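# Tertiary structure, described
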Amino acid sequence: MDPLDAIAIFAAGIAAGAINAVVGSGTLITFPVLIALGYQPLIANVSNNIGLVPGAVAGVYGYRRELEGQRGRAIRLGIFSAAGGIVGATLLLVLPASAFDAIVPILIAVALILVVAQPRIERALAHRPEPKGEHGLALRGAMSASGVYGGYFGAGQGILLMGILGIGLRDTMQRLNGLKNVLAGLVNGIAGVIFVFAADVDWGVAGLIAAGSIIGGLGGSHYGRRLDPNVLRALIVIVGLTAIVRLTIL
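These remarks concern the structure in this document. Keep in mind that this is a model prediction, so the values were computed, not measured.

With that settled, consider the overall build of the chain. Across its full length, the chain carries ten helices and zero strands. Starting at the N terminus and walking to the C terminus, you meet the elements of the chain as α-α-α-α-α-α-α-α-α-α. Relative to its 250 residues, the chain shows a buried fraction of 50%. Pairs at least 24 residues apart make up 84% of the contacts formed inside the chain by residues separated by at least 6 positions. In the form shown here, the chain has an accessible surface area of approximately 11200 Å², with 70% of it arising from carbon and sulfur atoms.

Here is the structure:
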């Protein structure tokens, strides 16, 4: 691996770890960087997923105060998220690589729409009616569906989870963000275990992203509230659109 490529991947890992802790769309940084460096989409996705797991753990640790009293909730919802993650990761492996290559620009576009729509989603959640409870079938089904999405690709999963949790639970946004970090990290971890044994992983890439994402996850959870969300959102959109253009002309 070229030293400049290694630096770029490590830096992307730091950015992704920080963004995942605060917003939840860090894959839209690391994945396009890997594509730009010439990695095949499927290998890039699998290696990126594994690399971001340590960063997710760091983000959860950073939000440990917001997670106090949410252990039972995290376990209940985590079961459905994990089940969905298993399905999503399995689909990624059993479907032809050409299918992933074809659909990934669409998945990135969906994730970018979620990023752009996030402020509107947050405003809507601020005026949401009282939820019917965290044991409802609708919430469990939504958790499973988001897990499938996260296990298959994952970009924008955090934003999707925040929308679901905001509608289904009555709590502060910061506590929900901490819970989001747990659930998204669980899906990434479950998918990562499957990929370790059944997929072609570039361990050099995964290691660089892992090291960077730990730094970013800790920093993002500590300083993330001070970052201008509009700047982050604009950066993510630019990088994501660049990836779509590159993928569609390969």
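Now, onward.
Summed over all chains, the structure comprises three aromatic pairs. Each ring, one from Phe100 and one from Phe153, has its centre 6.2 Å from the other, and the planes form 65°; the classification is edge-to-face. Of this pair, Phe100 sits in helix 5 (residues 97-126) while Phe153 is found in the loop between helix 6 (137-152) and helix 7 (157-168), placing the two residues 53 residues apart along the sequence. With a relative accessible area of 1%, Phe100 lands in the buried category. Members of the aromatic cluster, joined through ring pairs, are Phe31, Phe100, Tyr152 and Phe153.

Here Ser146 shows up in helix 6. Not counting chain neighbours up to four residues away, the residues in contact with Ser146 comprise Gln157, Leu160, Leu161 and Ile164.

On to helix 1 (residues 3-22), then. Along its 20 residues, helix 1 runs 29 Å from first to last C-alpha, staying within 8% of the 28 Å computed at 1.5 Å per residue. Every buried residue of helix 1 is listed here: Ala6, Ile9, Ala12, Gly13, Ala16, Gly17, Ala18, Ile19 and Ala21. The N-cap of helix 1, judged by a side-chain oxygen 2.8 Å from the amide nitrogen of Leu4 a few residues on, is Asp2. In the segment just after helix 1, Gly24 is the residue with positive phi, at about 110°.

Right, let's get into a nonpolar patch on the surface. Residues Val87, Leu91, Val94 and Leu95 make up a contiguous nonpolar surface patch of roughly 320 Å² in combined accessible area. Here Leu91 falls in the partly exposed class, since its relative accessible area comes to 34%.

Grouped together as the largest cluster of nonpolar side chains are 30 residues, with contacts concentrated most on Phe31, Leu34, Phe100, Ile108, Phe153 and Phe195. Elements with a contribution of two residues or more to this core: helix 1, helix 2 (27-36), helix 3 (41-62), helix 4 (71-94), helix 5, helix 6, helix 8 (173-198) and helix 9 (203-223). Among the elements that take part in this core, helix 5 stands out by supplying six residues, more than any other. Grouped together as the second largest cluster of nonpolar side chains are 13 residues, Leu165, Leu169, Leu176 and Leu183 included.

Let us look at the packing of helix 4 against helix 6. The contact between helix 4 and helix 6 brings their axes to 6 Å, and the two run at 35°. Judged by the sense of rotation from one axis to the other, the crossing of helix 4 with helix 6 is right-handed. From helix 4, Leu77, Phe80, Ser81, Gly84, Gly85, Val87, Gly88, Ala89, Leu91 and Leu92 reach across to helix 6, where they touch Leu139, Arg140, Met143, Ser144, Gly147, Val148, Gly151 and Tyr152. Broken down by class, the residue content of the contact of helix 4 with helix 6 amounts to ten nonpolar, seven polar and one charged.

Relative to the helices and strands, Phe195 resides in helix 8. In sequence terms Phe195 and Leu92 are 103 residues apart; their C-alpha atoms lie 9.5 Å from each other. Those residues in contact with Phe195, other than ones at most four positions away along the chain, are Val46, Asn49, Ile50, Ala89, Leu92, Leu93, Gly151 and Val201.

We now examine the environment of Ala36. Its place among the elements puts Ala36 in helix 2. Overall, the relative accessible area of 47% leaves Ala36 in the partly exposed class. Distance from Ala36 to Thr242, taken between C-alpha atoms, is 8.9 Å for residues 206 residues apart in sequence.

Next up on the list: the side chain of Ser213. Relative to the helices and strands, Ser213 resides in helix 9. Ser213 sits in the buried class, given a relative accessible area of 0%. A polar side-chain atom of Ser213 sits 3.2 Å from the main-chain carbonyl oxygen of Gly51. Setting aside residues no more than four positions away along its own chain, Ser213 makes contact with Gly13, Ile14, Gly17, Gly51, Leu52, Pro54 and Gly55.

Each value, and the rule that gives it
Position numbers for residues count from 1 along each chain, tracking the sequence in the order it is written. Reporting of local features is limited, given that this is a predicted model, to residues whose pLDDT is at least 70; pairs of side-chain atoms are given and counted only at 80 or more, and all residues count toward the totals for whole chains, interfaces and linings. Derived side-chain values reflect all non-hydrogen atoms in the structure, with water molecules and hydrogen atoms excluded from consideration. Here a helix means four or more residues in a row that DSSP labels H or I, a strand means two or more in a row labelled E, and each is numbered from the N terminus. Think of it in three bands: with a 1.4 Å probe and only protein chains considered, a residue is buried below 20% of the maximum accessible area for its type, exposed above 50%, and partly exposed in between. Contact definition: two residues touch when any of their heavy atoms are within 4.5 Å. The Shrake-Rupley method, run with a 1.4 Å probe, gives the accessible areas here. Residue values count only the displayed protein chains as cover. Side-chain rings of Phe, Tyr and Trp, where Trp is taken by its six-membered ring, are said to pair if the distance between their centres is within 6.5 Å; with planes under 30 degrees apart they count as stacked, over 60 as edge-to-face, and otherwise as tilted. The span you would expect from a helix comes to 1.5 Å times its residue count less one. Throughout this description, a polar contact denotes any pair of N or O atoms lying within 3.5 Å of each other; where both atoms belong to protein, one of them has to be capable of donating a hydrogen while the other can accept it, and for residues adjacent in sequence the pair is counted only when both atoms sit in side chains. Only residues whose relative accessible area exceeds 30% and that form no salt bridge are eligible for patches; like-charged ones are grouped when within 9 Å, while nonpolar side chains (Val, Leu, Ile, Met, Phe, Trp, Tyr) are grouped when within 5 Å. Here a salt bridge means any side-chain nitrogen of Lys or Arg lying within 4 Å of a carboxyl oxygen belonging to Asp or Glu. Take the buried residues of types Ala, Val, Leu, Ile, Met, Phe, Trp, Tyr and Cys, join any two whose side-chain atoms come within 4.5 Å, and each joined set is a nonpolar core. Geometry is summarised by axes, namely lines fitted to C-alpha atoms with helices restricted to the contacting stretch, and by angles between N-to-C directions that run from 0 to 180 degrees. Note on convention: the crossing is left-handed when the near helix lies turned anticlockwise from the far helix by less than a right angle, right-handed when the turn is clockwise. Polar here means any residue outside two lists: the nonpolar Ala, Val, Leu, Ile, Met, Phe, Trp, Tyr, Cys and Pro, and the charged Asp, Glu, Lys and Arg; Gly therefore counts as polar.

Function cannot be read off these values alone, since they describe shape.
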